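# Analysis of the macromolecular model
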Amino acid sequence: MHSAWAVSAEPLASALPLPDSSASSSCPASRVARIAAALAAALLALLLCGCSGDGSGNESGNAASGPAGSEAPSGGAPFSPEFHDASYDLEVMKGTPEAGIDVSHASQGYVVAVGRGGQKMKFSVTCEDSVSTFDLPNDGTPTVFPLTAGNGTYRLAIMRNTSGSRYAEAFAGTMDVTLESEFAPFLRPSCWCDYDQNSQCVVKAQELTASCATQVEALAAVFDYVTQNIEYDVDKADQLNGKSGYLPNPDRTLREGQGICSDYASLMAAMLRSLGIPTKVIVGRVMPDDFVHAWNLVYVDGSWRTVQVDVRAGEWSLVDTTFSASGGEGSANTEYYEQYAY
């Protein structure tokens, strides 16, 4: 639920330079390869040693058979696929047809913005210290933006480019948001994870998990498919390195069979979210090489450990499909620092 919308707008004369928080996460191919090679020994050791547990899937779990064909334990929450859409109603949109926001689904973890005009446009979401800035199409295409900072007071703003990197607000407002669930923003499509019920990735996810009995088995099926069938796109990584504004497309990644880290994370999120499994797309930095990267956090009830995935009951679990598909596992000898969650 949300309180009354408080509107504010500033004239174009007050335009200020706008930092872009939606940096492209195209971790350099050379670093992915180097990390994968460095982790080969650890990968083999983990496969040989396995993990502790009683085999029930309710404690620390058992080691899976490896990066391909992982065998999930039988324990864990029953798998009951449920699709959550991101609908909108432009008739109740705040603002104008040239710069408007539908906030009627804020309690479900998202808003929808529309922009029209000849200039570049951006959309910003601010909640306390959390600030995210996205590109907004200027052709009137309704675009879904997630409210991932949890409950609180959000400030939303549509901005037009005036010159260079300078933008001015065309429409803005604030509202208090109480999410119907902490998982609400991570169960639906958004600009960073765009899909609908007819998307190829959704159909594939349903096909892969048709015989799964638990959420952990569904996670295993999707994870194995993505890491075995999507290759890292070296050329694309080189082209996008250091650039901002890139947004992945799950169906394109599935169709082309290749992508960069954000493509992996977006496809994984789209497939799992469409099945009712809360999944975050995280953009941050990986140490010690210090580069921008994207990965997933998945929330499932159950317990499962593999070389690539560490799933614990009642926790968000880190899933790095990029390093896994490259033959290694990023979390073994690297540290992840989250900057943005989508």
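Residues numbered from 1 in each chain as written. Predicted model: local features only at pLDDT ≥ 70, side-chain atom pairs only at ≥ 80, totals over all residues. Heavy atoms only, no water.

### Digging into the environment of glutamate 180
Inspection of the secondary structure puts glutamate 180 in the loop between strand 10 (166-177) and helix 3 (200-208). Residues glutamate 180 and alanine 106, spaced 74 residues apart in sequence, show a C-alpha to C-alpha distance of 9.2 Å. Here glutamate 180 is in contact with Ser107, Gln108 and Arg188, once residues within four sequence places are set aside. (Helix = DSSP H or I, 4+ residues; strand = E, 2+ residues; numbered from the N terminus. Contact = heavy atoms within 4.5 Å.)

### Comments concerning the packing of helix 3 against helix 7 (residues 261-273)
Where helix 3 contacts helix 7, the axes come no closer than 8 Å and their chain directions differ by 60 degrees. Seen along the crossing, helix 3 lies across helix 7 with a hand that is right-handed. Packed against helix 3, whose contacting residues are Cys201, Lys204, Ala205 and Leu208, the element helix 7 presents Leu267, Ala270 and Met271 at the interface. Considered class by class, the residues forming the contact of helix 3 with helix 7 number six nonpolar, no polar and one charged. (Axes fitted to C-alpha atoms, helices over the stretch in contact; angles between N-to-C directions. Left-handed = near helix turned anticlockwise from the far one by under 90°. Nonpolar A, V, L, I, M, F, W, Y, C, P; charged D, E, K, R; others polar.)

### Considering the packing of aromatic side chains
Going through the model one piece at a time under the given rule, you end up with seven aromatic pairs. Measuring from centroid to centroid gives 5.5 Å for phenylalanine 134 and tyrosine 342, while their planes differ by 65 degrees, and the two rings are edge-to-face. Of this pair, phenylalanine 134 sits in strand 7 (residues 130-136) while tyrosine 342 sits in the segment after strand 18 (335-341); the two residues are 208 residues apart in sequence, bridging distant segments of the chain. For the pair phenylalanine 134 and tyrosine 342, one class covers both residues: buried. Taking the centre distance of 4.9 Å and the plane angle of 10 degrees together, the rings of tryptophan 192 and tyrosine 342 count as stacked. With tryptophan 192 in the loop between strand 10 and helix 3 and tyrosine 342 in the segment after strand 18, this pair connects stretches of sequence that are 150 residues apart. We note that tryptophan 192, like tyrosine 342, is buried. Grouped by ring-pair contacts, the aromatic residues Phe123, Phe134, Phe145, Trp192, Tyr340 and Tyr342 constitute a single cluster. (Phe/Tyr/Trp six-rings, centres within 6.5 Å; stacked < 30°, edge-to-face > 60°. Buried < 20%, exposed > 50% of the residue type's maximum accessible area, 1.4 Å probe, protein only.)

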